[in-house]
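Below, each chain spelled out in residue letters.
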Amino acid sequence: VMLRLSRMEGCEKKERLHWSTKIAWATYALASTLEATVALSYWPLRLAGVVTDPITYTNFMTHGGIALIVLIDGSLLCKIPLRLKQVLLPMSVGCAYTMWTIIHWKLNLGNPHTEDFDTIYEILDWQKSFRLSL
């Protein structure tokens, strides 16, 4: 048996991805990362007793169910690849959201959905728990 190491035909030409594929991959990178972050933050805080809201269907889907669906759809069904360069988009959105929560707190904008606390989420109260908010 003789092995021949040579270039395969067609490998030297790199095809460009269609713009819609790039948008789908970026959206998946953003959604999967942020949903996993929400799920991996919420449930340990709930077990520790920091978060005490009741477990409902909406609460479960918001803090874990959607993450599971997104990860199964993107990783197993569609097999969307995640590249290291795709980390920049979720990190940028995460930094922007953190900055918005600080602006929201500093300007005392309040929360129209509840009168129990003025922050976006009770856990993101920069005044009471700076370390926990980070």
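Located above this text is the structure these notes cover.
Residues numbered from 1 in each chain as written. Predicted model: local features only at pLDDT ≥ 70, side-chain atom pairs only at ≥ 80, totals over all residues. Heavy atoms only, no water.

Engineer: Help me out: how do you make sense of the packing of aromatic side chains in this one?
Structural biologist: The description of an aromatic ring pair uses the distance of the two centres, along with the angle that the planes make with each other. For the coordinates displayed, the defined rule picks out two aromatic pairs. Aromatic pair Tyr-42 and Trp-43: ring centres 4.9 Å apart, planes at 85 degrees, arrangement edge-to-face. Its relative accessible area of 7% is what places Tyr-42 among the buried residues. The exposure class assigned to Trp-43 is partly exposed, which follows from its relative accessible area of 24%. A ring pair is formed by Trp-43 and Phe-60, whose centres lie 6.2 Å apart and whose planes are at 55 degrees; its orientation type is tilted. Linking Trp-43 in helix α1 (residues 19-47) with Phe-60 in helix α2 (residues 57-77), this pair joins segments that are 17 residues apart in sequence. Connected via pairs of aromatic rings, a cluster forms that spans Tyr-42, Trp-43 and Phe-60. (Phe/Tyr/Trp six-rings, centres within 6.5 Å; stacked < 30°, edge-to-face > 60°. Buried < 20%, exposed > 50% of the residue type's maximum accessible area, 1.4 Å probe, protein only. Helix = DSSP H or I, 4+ residues; strand = E, 2+ residues; numbered from the N terminus.)

Engineer: Which parts of the structure should I look at to understand unusual backbone geometry?
Structural biologist: Outside of glycine, negative phi angles account for most residues, and trans bonds account for most peptide bonds. Look at Lys-79: it is not a glycine, yet its phi comes out positive at around 50 degrees. Relative to the helices and strands, Lys-79 is located in the loop between α2 and α3 (88-106).

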